[in-house]
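The primary structure of each chain is shown beneath.
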Amino acid sequence: MAIETVAVIGAGTMGHALALVHALGGCRVALHDRDEAVLARAGGQIAAACETLIDAGALDPARAAVVQDAITMAPALSAAVSGADLVVEAVVETAEVKRAVFDEIDRHAPEQAIIASNTSYLDIFPLVPEVRQPRAAIAHWYTPPYIVDLVDLAPGPATRPETTEALRRLYAGFGKVPLMFDRLVPGYVANRLQAALNLECLRMIEEGWADAEDIDLSIRHGLVHRLAVQGHMRKMDFTGLEMVRNGIASRMYQPPENTGCSPVLERLIAAGRTGIRSGAGFFDYGDTAPDVLCRDRDLRLLQLKAQLRDIMEGQESD
């Protein structure tokens, strides 16, 4: 089955970006959000992302116009999904909200449509109507998905193999990097690693061993270069597995317990320091607008991505 027409349900942080991903891939996209204000902002966010890609040399201006023209804002979910080959669900991580969305998709989407959820941790398959489950799967992305290429693909108990294979072919055709799972693994790989890193970083701050600046300095200058070039498992090979084994056997490191609460985060949130949208989190961002901060991040990511691609291509040719 060729996937040419896509509906994206939810136009927030991930939804508008996923609309752009599919339009960049050559699909016609209908973007829906039940919040009219969120949907109204989405067009400007998509245009800004295209401008960033243009400025980085990753998108031709003429093609950017075609890509944006391929995205239609759809105030009604029924209209968005009525002719869709693929419906991408990107609403909030709340089971009952997702259940209601899947029920409405079921009422209005074509029988053959694939339903793909961007959920990070939820098991969405019990929330999907039974008749839709053979053509339902998880396609989980990382922000910003128009730059970050990894997409996790996971089936449910009743998902047909051709469903996930159709998604794999689609996204590989976009130039993305699909990672195929044979079942739902909550958090997949990257999010599970990030969760462990979050706990350790917060523990170090809580215990007074290091501050946020120290931690980022250590990651940038001690980990990033090697992980970007080698990954972690190959890095262990270069370290030597005997040394890795000895480190584990010493029990010098004990993972922090996940208590479900972080005093550091609670203090920051209580002080209104919730991240870039509030102007501060672990760091102060002053009066710099969040959109400016995100644009700067995206330009740096695109520069790094281009350089890493050149490095890896050189390594593969050696």
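As a reminder, the structure under discussion sits directly above these lines.
Summarised in this report is the structure supplied together with it.

How each quantity is defined
Counting starts from 1 at the beginning of each chain's written sequence and moves along it residue by residue. Residues qualify for local features only when their pLDDT is at least 70, as the model is predicted, and side-chain atom pairs are given and counted only at 80 or more; totals for whole chains, interfaces and linings, by contrast, use all residues. Heavy atoms throughout the structure, all of them, feed into the side-chain values; hydrogens and water do not. Numbered from the N terminus, helices here are DSSP runs of H or I no shorter than four residues, and strands are runs of E no shorter than two. For the exposure calls, accessible area comes from a 1.4 Å probe over protein chains only, and a residue counts as buried if that area is under 20% of its type's maximum, exposed if over 50%, partly exposed in between. Contacts are assigned to residue pairs with any non-hydrogen atoms lying within 4.5 Å of each other. Only strands joined by at least two bridges in the DSSP assignment are considered to pair. Looking down the strands as they point away from you, a crossover is right-handed if its path from the first strand over the helix to the second goes clockwise. Put simply, two rings from Phe, Tyr or Trp (the six-membered ring, in Trp's case) pair if the centres are within 6.5 Å, and we call them stacked under 30 degrees between planes, edge-to-face over 60, tilted for the rest. By nonpolar core is meant a set of buried Ala, Val, Leu, Ile, Met, Phe, Trp, Tyr and Cys residues that side-chain atoms within 4.5 Å join together. Expected helix span is given by 1.5 Å per residue-to-residue step, counting one fewer step than there are residues. Arc definition: directions from the helix axis to the C-beta atoms. An axis is simply a line fitted to the C-alpha atoms; with a helix, the fit covers only the stretch in contact. Between two such axes, the angle follows the N-to-C directions and lies from 0 to 180 degrees. We count a salt bridge whenever a side-chain nitrogen from Lys or Arg sits within 4 Å of a carboxyl oxygen from Asp or Glu. Exposure above 30% relative accessible area and no salt bridge define the residues that can form patches, which grow by joining like charges within 9 Å and nonpolar side chains of Val, Leu, Ile, Met, Phe, Trp and Tyr within 5 Å. Areas reported as accessible are Shrake-Rupley estimates using a 1.4 Å probe. Residue values count occlusion only from the protein chains shown.

1. Section: the environment of Ile-9
- When you line up the elements, Ile-9 lands in strand S1 (residues 5-9).
- Here Ile-9 falls in the buried class, since its relative accessible area comes to 2%.
- Remark: the alpha-carbon pair of Ile-9 and Glu-89, spanning 80 residues in sequence, is separated by 5.0 Å.
- Setting aside anything within four residues of it in sequence, one finds Ile-9 in contact with His-32, Leu-77, Ala-80, Val-81, Val-87, Val-88, Glu-89, Ala-90, Val-91, Val-101 and Ile-105.

2. A short note on the environment of Glu-51
- By the element assignment, Glu-51 lies in helix H2 (residues 36-55).
- Note: C-alpha distance between Glu-51 and Gly-26 (25 residues apart in sequence) is 18 Å.

3. Some words on the pairing of strand S5 (residues 114-117)
- Here S5 shows two buried faces, one formed by Ile-114 and Ala-116 and the other by Ile-115 and Ser-117.
- Across 4 bridges, strand S4 (residues 86-89) lies against S5 in parallel orientation. Along S5, the bridge assignment pairs Glu-89 with Ser-117.
- Since S4 and S5 lie parallel, the crossover through helix H5 (residues 95-108) that links them has a hand, and here it is right-handed.
- Of the strand pairs in this sheet, S5 and strand S6 (residues 136-141) are connected by 3 bridges, and their pairing is parallel.

4. Describing the packing of aromatic side chains
- The full count for this structure, using the stated rule, is 3 aromatic pairs.
- An angle of 85° between the planes, with centres 4.8 Å apart, marks the rings of Trp-141 and Tyr-171 as edge-to-face. Residue Trp-141 is located in strand S6, and its partner Tyr-171 is located in helix H6 (residues 161-173); the two are separated by 30 residues in the primary sequence.
- With relative accessibility at 0%, the residue Tyr-171 sits in the buried group.
- Feature note: the residues Trp-141, Tyr-171 and Phe-174 constitute an aromatic cluster, connected by ring pairs.

5. Digging into the nonpolar core
- Leu-31, Leu-86, Tyr-146 and Tyr-171 are the most contacted members of the largest nonpolar core, which has 44 residues in total.
- In this structure, Val-101, Leu-127, Ala-136 and Leu-184 belong to the second largest nonpolar core, which totals 27 residues.

6. Section: H5
- Under the 1.5 Å per step criterion, the end-to-end length of H5 is 20 Å for 14 residues, consistent within 8% with the ideal 20 Å.
- Within the span of H5, buried status applies to Lys-98, Val-101, Phe-102 and Ile-105. All buried residues of H5 fall inside an arc of 100° around its axis, so they share one side. Counted as exposed and oriented over 90 degrees from the buried face of H5: Glu-96 and Arg-107.
- Packing partners of the buried residues in H5 comprise S1, helix H4 (77-81), S4 and S5.

7. Digging into the sheet that holds strand S3 (residues 71-73)
- With respect to topology, 8 strands assemble into an open sheet ordered S3-S2-S1-S4-S5-S6-S7-S8, the strand pairing being mixed. The open sheet has two free edges, formed respectively by S3 and strand S8 (177-180), since each of these has just one partner strand. Strand-to-strand, the axes of this sheet are offset by a mean angle of 25°, without reference to chain direction.

8. Topic: the pattern of salt bridges
- Per the stated rule, a full pass over the model turns up 15 salt bridges.
- Here Asp-106 makes a salt bridge to Arg-132, at a shortest N to O gap of 2.8 Å. On the criterion of sequence distance, the pair formed by Asp-106 in helix H5 and Arg-132 in the loop between S5 and S6 is long-range, its members being 26 residues apart.
- The class of Arg-132 is buried, set by a relative accessible area of 7%.
- Through salt bridges with shared partners, a single ionic network connects Glu-89, Glu-93 and Lys-98.

9. Some points on a nonpolar patch on the surface
- Taken together, the side chains of Leu-179, Val-189 and Leu-193 make up a nonpolar region of the molecular surface, amounting to roughly 250 Å² of accessible area.
- Position of Val-189 relative to the elements: it lies in the loop between S8 and helix H7 (190-207).

Remember, this is a structural readout, not a statement about activity or role.
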